[in-house]
Amino acid sequence: MPIYEYVCPSCDIKFELLRPLSQSAEAAPCPKCNNSAQRVLSRFACLTTGDDGFSSMIGGNPCSSCSDASCDTCNL
Ligand SMILES: [Zn+2]
């Protein structure tokens, strides 16, 4: 199961969660306040929105050409 990073906007904390790929885009409950935390990019994720410049910083990554938000093939 891939691991994902989430940030709680209320507590301003970051935490990691093992989740099925099918749930990766869903908000996760914050371990402190139980609010919805949004998924953020980790070093290993290849989620690219195309407007943050993140994708261009991943040199040599097979996902660097990926522009799909779901990016299923990169999380194997
Ligand atoms: Zn929180």
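Refer to the structure printed above.
None of the values given here were measured: they were computed from a predicted structure.

A. View of the overall build of the protein chain. On a plain count of helices and strands, the protein chain comes out with zero helices and four strands. When its helices and strands are written in sequence order, the protein chain yields β-β-β-β. Taking all 76 residues of the protein chain together, 32% fall into the buried category. If you sum the accessible surface of the protein chain, you get close to 5,000 Å²; carbon and sulfur atoms cover 52% of it.

B. Representation of the coordination of the zinc ion in the model. Distances from the zinc ion to its protein donors, Cys 8 (SG), Cys 11 (SG), Cys 30 (SG) and Cys 33 (SG), fall at 2.2 Å. Coordination at the zinc ion is tetrahedral, judged from the four donor atoms that bind it and the angles of 105 to 115 degrees they form at the metal. Of note, the donors binding the zinc ion are all from one chain and are spaced C-x2-C-x18-C-x2-C. Of this pair, Cys 11 sits in the loop between strand S1 (3-8) and strand S2 (13-18) while Cys 30 sits in the loop between strand S3 (28-29) and strand S4 (36-40), and the two are 19 residues apart along the sequence.

Rules used in this analysis
- Residues numbered from 1 in each chain as written.
- Predicted model: local features only at pLDDT ≥ 70, side-chain atom pairs only at ≥ 80, totals over all residues.
- Heavy atoms only, no water.
- Helix = DSSP H or I, 4+ residues; strand = E, 2+ residues; numbered from the N terminus.
- Buried < 20%, exposed > 50% of the residue type's maximum accessible area, 1.4 Å probe, protein only.
- Areas by Shrake-Rupley, 256 points an atom, 1.4 Å probe, with all protein chains shown as cover.
- Donors = N, O, S within 2.8 Å, 3.2 Å for Na, K, Ca; no water.
- Tetrahedral: all angles 85-135°; square planar, octahedral: opposite > 155°, others 65-115°.

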